[in-house]
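# A structural walkthrough
Here are the chains, one letter per residue:
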Amino acid sequence: SSEILIVTNNHVIENAKTVEIVFADDSTAPATVKGSIASKDLAVLSVKISDLKKGTIDNIKVATLGDSDSLKLGDMAIAIGNALGYGQSITVGYISALDREVTVDNVTLHVLQTDAAINPGNSGGALLNSKGEVIGINSVKYVDENVESVGYAIPISDAIPVINELMNRTILTDAEKAYLGFAGKDVTQDYSERFNIPVGVYVREVKKGSAAENAGLKKGDIIVSINDITVKNTDDVEEILDYTRAGTTGTIGIKRLQDNTYVDKTLEVTFDKRPSGK
């Protein structure tokens with residue numbers, strides 16, 4: 001490989017004109033943003049191996065990813081970062097909540113909660129389990145300043161599909177971008193709680209002969225993911241489709257009402273080309 005890839009938070013690199021990576025031996029190298037998704041607060045950076053010294057390369061170890069879905073309350077959590085900008089730091093604690101929903105700047109994430117101290121400078125750092133496996137990506141953006149011993153991390157199992165998509169992103173022309181062919185309406189958290197409907201994109205209409213219809217999408221379905229990436233609103237859908245090539249196959253995760261209960265289903269889809277003007 002000619003590059004190494006680094007995962008961080010979107011808010012760490014947002015609006016940055018240049019990004020520089022500092023390695024364990026204090027050497028530095030320029031990085032380019034391979035892709036980022038603000039609604040998931042994740043970004044993938046790329047550093048050319050040719051920009052690194054051999055000693056630096058030899059000391060880089062690829063992180064082992066764990067399984068955040070199997071975590072239990074009370075499991076040990078170790079937060080690594082550059083707390084307060086003083087250099088590498090490690091804080092230790094426990095997982096204190098598994099599926100906490102937090103909203104900042106109209107972005108809502110489901111996060112792990114830990115009492116391991118997470119301070120400015122920890123953002124984008126790894127949250128590890130006792131085996132040294134990455135179980136989350138620390139995010140100071142979602143720390144509650146009014147509460148002590150509450151830090152948040154994006155669960156790694158939720159992040160992996162997003163990271164994979166960002167790693168492989170290519171800039172597509174409008175003619176190459178994917179299209180589904182449905183009209184939808186956002187089901188917000190407030191609306192979800194009021195009417196007992198899952199958060200996602202409510203399908204109001206499916207275009208005849210479209211990729212969506214051929215996949216089996218129906219009026220009344222609620223889209224909750226595309227290609228295993230969670231979607232909460234139509235902006236999420238558009239962002240994923242902008243980086244998905246027409247003609248490729250993928251999946252649409254939906255919740256469908258059956259016997260007064262929403263049931264999870266996965267539809268196989270072949271993405272269509274966008275009609276001109278879309």
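## So, the overall build of the protein
Each helix and strand counted, the protein has six helices and 18 strands in total. For the protein, the C-alpha radius of gyration of 20 Å lies close to 19 Å, the compact-globule estimate for 278 residues. The dimensions of the protein, computed from C-alpha atoms along their principal axes, are 60 × 40 × 30 Å. Of all 278 residues assigned to the protein, the portion counted as buried reaches 42%. For the protein, the share of sequence-separated contacts (at least 6 apart) that also reach a separation of at least 24 residues comes to 58%. Accessible surface, the protein as shown: approximately 15,200 Å² in total, 47% of it carbon and sulfur. A distance of 7 Å separates the average location of the 28 positive side-chain charges in the protein from that of its 39 negative side-chain charges.

## Considering the side chain of S210
By the element assignment, S210 lies in the loop between strand 13 (200-206) and helix 5 (211-215). A distance of 3.5 Å separates a polar atom in the side chain of S210 from the backbone oxygen of L180. Other than its neighbours up to four places away in sequence, S210 contacts L180 and G181.

## Some thoughts on the confidence of the model for the protein
The predicted coordinates should not be examined in detail at positions where pLDDT is low. On average, residues of the protein score 89 in pLDDT, and 95% of them are at 70 or above. Per-element mean pLDDT across the protein ranges from 84 in strand 7 (residues 107-114) up to 97 in helix 5.

## Here's the deal with the pairing of strand 6 (residues 89-104)
For strand 5 (residues 76-81) and strand 6, the ladder comprises six bridges, and the chain directions are antiparallel. In the strand pairing of strand 6, M76 is matched with Y94. Alignment of strand 6 against strand 7, held across seven bridges, turns out to be antiparallel. Across the sheet, residue T103 finds its bridge partner in strand 7, namely T108.

## Overview of the nonpolar core
One recurring pattern in soluble globular proteins: nonpolar side chains tend to sit buried together. With 39 residues, the main nonpolar core has L180, L217, I223, I226 and I252 as its most contacted residues. A per-element tally of this core places helix 3 (residues 156-167) first, with five residues. Each residue touching L180, except ones within four places of it in the same chain, is listed here: S210, A211, A212, I226, L241, I252, V269 and F271.

## Quick word on the packing of aromatic side chains
Under the counting rule described, the total for this entry stands at one aromatic pair. A centroid spacing of 4.5 Å and a plane angle of 45° characterise the contact between Y191 and F195, whose relative ring orientation is tilted. Of this pair, Y191 and F195 both sit in helix 4 (residues 189-195), four residues apart, which is roughly one turn of that helix. Accessibility expressed as a relative area gives 34% for Y191, which makes it partly exposed.

## A few points about a nonpolar patch on the surface
Residues M76, I90, V92 and Y94 make up a contiguous nonpolar surface patch of about 390 Å² in total accessible area. By the secondary structure assignment, V92 is in strand 6.

## Side note on the sheet that holds strand 4 (residues 42-48)
Spatially, 1-4-3-2 is the arrangement adopted by the four strands of the open sheet, whose pairing is antiparallel. Each having just a single partner strand, strand 1 (3-8) and strand 2 (19-22) make up the two edges of the open sheet. Averaged over all neighbouring strand pairs, the angle between strand axes comes to 40°, with direction disregarded. Relative to strand 4, strand 1 runs antiparallel, the two sharing six bridges. Bridge pairing in strand 4 links I6 to L45.

Definitions and cut-offs
All residue numbers refer to positions counted from 1 along the written sequence of the respective chain. Whole-chain, interface and lining totals are the exception, using all residues; otherwise, since this is a predicted model, local features are given only for residues with pLDDT of at least 70 and side-chain atom pairs are given and counted only at 80 or more. Here the side-chain values reflect all heavy atoms present in the structure, with hydrogen atoms and water set aside. Runs of E in the DSSP output that reach at least two residues are strands. Runs of H or I that reach at least four are helices, and both are numbered from the N terminus. C-alpha atoms define the radius of gyration in this analysis, and the globule rule sets the expected value at 2.2 Å times the number of residues to the power 0.38. For every residue, the accessible area obtained with a 1.4 Å probe (protein chains only) is divided by the maximum for its type, and the residue is called buried under 20%, exposed over 50%, and partly exposed between those limits. Residue contacts are defined here by distance: any two heavy atoms, one from each residue, within 4.5 Å place the two residues in contact. To measure how exposed things are, a 1.4 Å probe is used in the Shrake-Rupley method; for residues, cover is taken only from the protein chains shown. The convention is simple: Lys and Arg are positive, Asp and Glu are negative, and His and the chain ends are not counted. By convention, the point assigned to a charge is CZ for Arg, NZ for Lys, CD for Glu and CG for Asp. Whenever a nitrogen or oxygen atom comes within 3.5 Å of another N or O atom, the pair is scored as a polar contact, on the condition that within protein one atom can donate a hydrogen and the other can accept it, and that pairs from neighbouring residues in sequence are kept only if both atoms are in side chains. Summary of the metric used: pLDDT quantifies the predictor's per-residue confidence within the range 0 to 100. For two strands to count as paired, DSSP must find a minimum of two bridges between them. By nonpolar core we mean a set of buried residues, namely Ala, Val, Leu, Ile, Met, Phe, Trp, Tyr and Cys, connected to one another through side-chain atoms within 4.5 Å. Within 6.5 Å between ring centres, the rings of Phe, Tyr and Trp (the latter by its six-membered ring) count as paired, and their orientation is classed by plane angle as stacked under 30 degrees, edge-to-face over 60, tilted in between. Patch members must show over 30% relative accessible area and no salt bridge, and they are joined within 9 Å when carrying like charges or within 5 Å when they are nonpolar side chains of Val, Leu, Ile, Met, Phe, Trp or Tyr. A pairing counts as a salt bridge when a side-chain nitrogen of Lys or Arg comes within 4 Å of a carboxyl oxygen of Asp or Glu. What counts as an axis is a line fitted to C-alpha atoms, over the stretch in contact for a helix, and the angles between N-to-C directions run from 0 to 180 degrees.

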